Structures are given as structure tokens and as C-alpha cells.
Amino acid sequence: MQVLLVEDDDALAEPLVAGLVRAGFVVRRASTGAEALDLTDGDDVVLLDLGLPDLDGYEVCRRLRARSAVPIIIVTARGEETDRVVGLELGADDYLVKPFGFRELVARIRAVTRRAEGRLPETGTRVTVGPLAIDRRTRRVTMDGREILLTPKEYDLLDFLASDPGAVRTRTEILESVWDSHWYGPTKTLDVHIASLRRKLGEPGLVETVRGVGFRMRTTAP
Ligand code: CA
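Residues numbered from 1 in each chain as written. Predicted model: local features only at pLDDT ≥ 70, side-chain atom pairs only at ≥ 80, totals over all residues. Heavy atoms only, no water.

Novice: Now, about unusual backbone geometry: what can you tell me, with residues and values included?
Specialist: In this chain, Lys 98 is followed by Pro 99 through a cis amide linkage whose omega measures -5°. Its location among the elements puts Pro 99 in the loop between strand S5 (94-97) and helix H5 (102-118). At Arg 139, a residue that is not glycine, the phi angle is positive and equals roughly 55°. Here Arg 139 lies in the loop between strand S7 (132-135) and strand S8 (140-143). (Helix = DSSP H or I, 4+ residues; strand = E, 2+ residues; numbered from the N terminus.)

This is how it looks when you write it as C-alpha cells:
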């Protein structure tokens, strides 16, 4: 697995590179945003520092995402909630605040790369998340074996969230995927559909609200 580490601070980057290599990763390092944008092809994951000398890390994140689906983990000293939200909205897959443990970093890398594999075109026709089962061939949905009748949009919304359980889907992502790629209508539409979906599923906690970002399908019992 190949990692691109974007970090300008040698004192942080060097031990990180050494650790990742020891853990079996192939590591490439970029010290600036421009260098990162030149280097990106072929990486399985990008670790991106936000405080870079040339470009803002968010800008690097946005540009990487515009041309590639590579998983991006923002690694930063900033820990404000708004930073995390902005990062995720720009398409980062995860957010890690310095200082962090090396084992935690490796666990996050494994998690986002596993998730990225799940983004490949779905071949199975049956998706299950806890008590929920979706049969894509017939568009039938059941909870604990009991059939749930959904409208076409409710179904599409549920199917979209269930296609990557645990992953946070931003409001924009959902609107663009489930509604239209140029959705300019009221975003309240999404909330209305989420509410009716929760009501019909009878287990409101299955679709979690991630405040200020979007929604995700819960993967484990609360
Ligand atoms: Ca930095």
C-alpha cells in the first residue's frame, strides 16, 4: 500500500515516514502543496497536513478530490470542530489531530482504504446493516424481516447511506447523488426525507445525524 505524506515539518515527517515504512507501507513525501499535487498518482491514501508553506491544506484537499477518489486523511494541529467539518465537506475521508498515536494513524489508514474499496461498483444485490436488509434487484427493504414500504426517493436515500455504512455523507453529496447533480432546491427536502425514513424504519438511531455535516448509517448498536 502506497501512502503520500504531505507535511512540511521534517521533525514530524521523518519519524512518521520511518514508522510507516516499518509498518510495511511504501511512502512518498511532499513538503509543499504544489509538490503534493504533482505527486498524487498511484497512492492508496493521502495524509495531508493543513498548515503548508505554499497552499492552504484545504485547497490541496479540494484539488486532490476534484481529480481523484483517493482516500484523504487530514492530519493537523488544528482541532476545531469547524476545521473538521470543512475538511470533510471538501472531501476528506477522515481527520486526525496532532499529536496522535502511530497505531491510531495506521488504524485510520486501514479504515479509509477499506471504505474506499467499498466505493467500487456494487456487485451484490443484497445489502444488510444490522436488522436492515435491502434487496437491490427488487428494491425491497426489510427490518428484522418485516417489509418496509418506501417511496422511490426514500429508497434511493437509504440505499445510498447503506452503501457505505459508518461513512459520513455530506448533505451536498447526498443531494447530488440521490436528487440531482445540480440540486438547487431547498435542502430541507433532505431533512423531510430523513425524518420519514427514520419513522418508517422504526429505529430512528439507524440513520445518524452528524451535526453540521450530514448523515451516516450506524453500523453498531448504540
Ligand atoms: Ca505544517
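Novice: Explain the packing of helix H6 (residues 152-162) against helix H8 (residues 188-201) to me, using residue names and the numbers behind them.
Specialist: One way to put it is that H6 packs onto H8 with a least axis distance of 10 Å and a crossing angle of 85°. Viewed along their axes, H6 and H8 adopt a mutual orientation that is roughly perpendicular. In this structure, H6 contributes Lys 153, Glu 154, Leu 157, Leu 158 and Leu 161 to the contact, and H8 contributes Leu 190, His 193, Ile 194, Ser 196, Leu 197, Lys 200 and Leu 201. For the contact of H6 with H8, the per-class residue count stands at 7 nonpolar, 2 polar and 3 charged. (Axes fitted to C-alpha atoms, helices over the stretch in contact; angles between N-to-C directions. Parallel < 35°, antiparallel > 145°, perpendicular 65-115°, else oblique. Contact = heavy atoms within 4.5 Å. Nonpolar A, V, L, I, M, F, W, Y, C, P; charged D, E, K, R; others polar.)

Novice: Explain the pairing of strand S2 (residues 26-30) residue by residue, including any values.
Specialist: In terms of strand pairing, strand S1 (residues 2-6) meets S2 through 5 bridges, oriented parallel. Opposite Gln 2, over in S2, you have Val 26 as the bridge partner. Note on the crossover from S1 through helix H1 (residues 10-22) to S2: the handedness is right-handed. (Pairing = 2+ DSSP bridges. Right-handed = clockwise from strand over helix to strand, strands pointing away.)

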